[in-house]
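So you can see what is in the structure, the chains are spelled out below.
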Amino acid sequence: MNPSHQVCGRNFRMPTHRIDQPQNPVEVIALNSFSSKDQVALDAQTRSLIERRQRVMGPAYRLFYTVPLQPARAQGTKIVDVYGDEYLDAYNNVASVGHNHPRVVEAVARQLRLINTNTRYLQRDIIEYAESLVSAHDADLANVMFTCTGSEANDLAVRMARQVTGGTGIIVTEYAYHGCTRDVASWSPASGVGDCPRFG
Ligand SMILES: Cc1ncc(COP(=O)(O)O)c(C=O)c1O
């Protein structure tokens with residue numbers, strides 16, 4: 001297939017490298033990312049948005065794709081961009097219930113209208129939610145701890161494992177990404193900042 005073939009929507013470009021070619025960790029992320037040399041092919045509106053983004057968000061934030069996707073809304077398995085083009089979303093963790101699920105939207109909105117606070121108050125709802133999760137698992141999984149992000153969850157899981165086992169080692173796959181806390185990033189080779197020893 002032509003690497004710049006338009007497979008769906010107007011802006012999608014296939015990466016120009018195969019993922020199984022030997023790459024160092026930073027290059028793995030770069031496979032699919034926008035770089036300033038891609039600017040020339042963009043319209044004025046897109047270039048201006050990228051410049052504003054770089055000015056206020058700095059260089060650490062990557063943009064995917066040589067022609068960056070500008071999503072406007074999403075429903076179920078589909079994302080629609082600002083031009084009205086529709087994309088099948090195989091990326092943004094939609095496998096569970098999809099984008100814009102009415103029950104999720106309603107539950108989040110209802111809670112925000114009531115109160116948005118932390119776990120150090122005695123509140124019936126969070127206990128009932130924890131009980132419902134616990135009842136769905138084997139008896140060994142008897143406690144719930146809540147986090148807001150995947151990075152936090154992975155960080156906390158490793159803290160707990162280290163505390164219980166006294167161990168320190170972690171095995172991760174070569175191109176893995178586990179999140180952005182200091183600890184989690186150190187075993188996320190895809191971020192290019194890992195300090196884990198490599199074997200093999
Ligand atoms: C596989 C995987 N683990 C962990 C994370 C980190 O999750 P969060 O961005 O919610 O901290 C991500 C985020 O993209 C992820 O894809």
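For the protein, an unreviewed UniProt entry supplies the name 4-aminobutyrate aminotransferase-like enzyme and the organism Mycolicibacterium lutetiense. Among the UniProt annotations of the protein, the heading Sequence similarities (unreviewed entry) holds the following wording: "Belongs to the class-III pyridoxal-phosphate-dependent aminotransferase family."

Remarks on the overall build of the protein
In terms of helices and strands, the protein carries 6 helices and 3 strands. Counting from the amino terminus, helix and strand elements in the protein follow one another as α-α-β-β-β-α-α-α-α. The 200 residues of the protein split such that 6% are buried. Excluding contacts between residues fewer than 6 apart, the proportion of contacts in the protein whose partners are at least 24 apart in sequence is 43%.

Focus on the site of the ligand
Residues in close proximity to the ligand include Thr149, Gly150, Ser151, Asn154, Tyr177, His178, Gly179 and Cys180, which together make up its full environment. Grouping the constituent residues of the shell around the ligand by class yields 2 nonpolar, 6 polar and no charged.

Notes on the sheet that holds strand β2 (residues 78–81)
Through backbone hydrogen bonds, the strands of a sheet pair up, either in parallel or in antiparallel fashion. Read from one edge of the open sheet, 3 strands run β1-β2-β3, paired in antiparallel fashion. In the strand order of this sheet, the two ends are held by β1 (71–75) and β3 (86–88), each with one partner. With strand direction ignored, the average angle separating the axes of adjacent strands in the sheet is 30°. Sheet topology note: the β1/β2 ladder contains 4 bridges and is antiparallel.

Here's the deal with unusual backbone geometry
Phi is positive for Tyr65, close to 75°, though the residue is something other than glycine. One can find Tyr65 in the loop between α2 (44–57) and β1. Looking at Tyr65, the number of C-beta atoms within 10 Å reads 15, which means it is partly exposed. Phi angles above zero are rare outside glycine, and Asn100 is one such case at about 60°. Along the chain, Asn100 turns up in the loop between β3 and α3 (102–114). Look at Asn100 and you get partly exposed, because 13 C-beta atoms sit within 10 Å.

Structural notes on α3
Helix length check: α3, at 13 residues, gives a terminal C-alpha distance of 18 Å against a target of 18 Å (1.5 Å per residue), a fit within 8%. Counting buried residues in α3 gives 0 out of 13 residues, a small share hidden from the surface.

Observations regarding the confidence of the model for the protein
Detail in the predicted coordinates should be disregarded across regions flagged by low pLDDT. The pLDDT averaged across the protein works out to 84; a share of 81% of its residues lies at or above 70. With pLDDT under 50 throughout, residues 1–22 is counted as low confidence; its partners more than four residues away or in other chains account for 27 contacts.

So, how was this worked out
- Residues numbered from 1 in each chain as written.
- Predicted model: local features only at pLDDT ≥ 70, side-chain atom pairs only at ≥ 80, totals over all residues.
- UniProt positions renumbered as here; feature names shortened; annotations may be inferred.
- Helix = DSSP H or I, 4+ residues; strand = E, 2+ residues; numbered from the N terminus.
- Buried ≥ 20, exposed ≤ 12 C-beta atoms within 10 Å, placed from the backbone.
- Contact = placed C-beta atoms within 7 Å.
- Near = placed C-beta within 6 Å.
- Nonpolar A, V, L, I, M, F, W, Y, C, P; charged D, E, K, R; others polar.
- Pairing = 2+ DSSP bridges.
- Axes fitted to C-alpha atoms, helices over the stretch in contact; angles between N-to-C directions.
- Expected span 1.5 Å × (residues − 1).
- pLDDT = per-residue confidence, 0-100.

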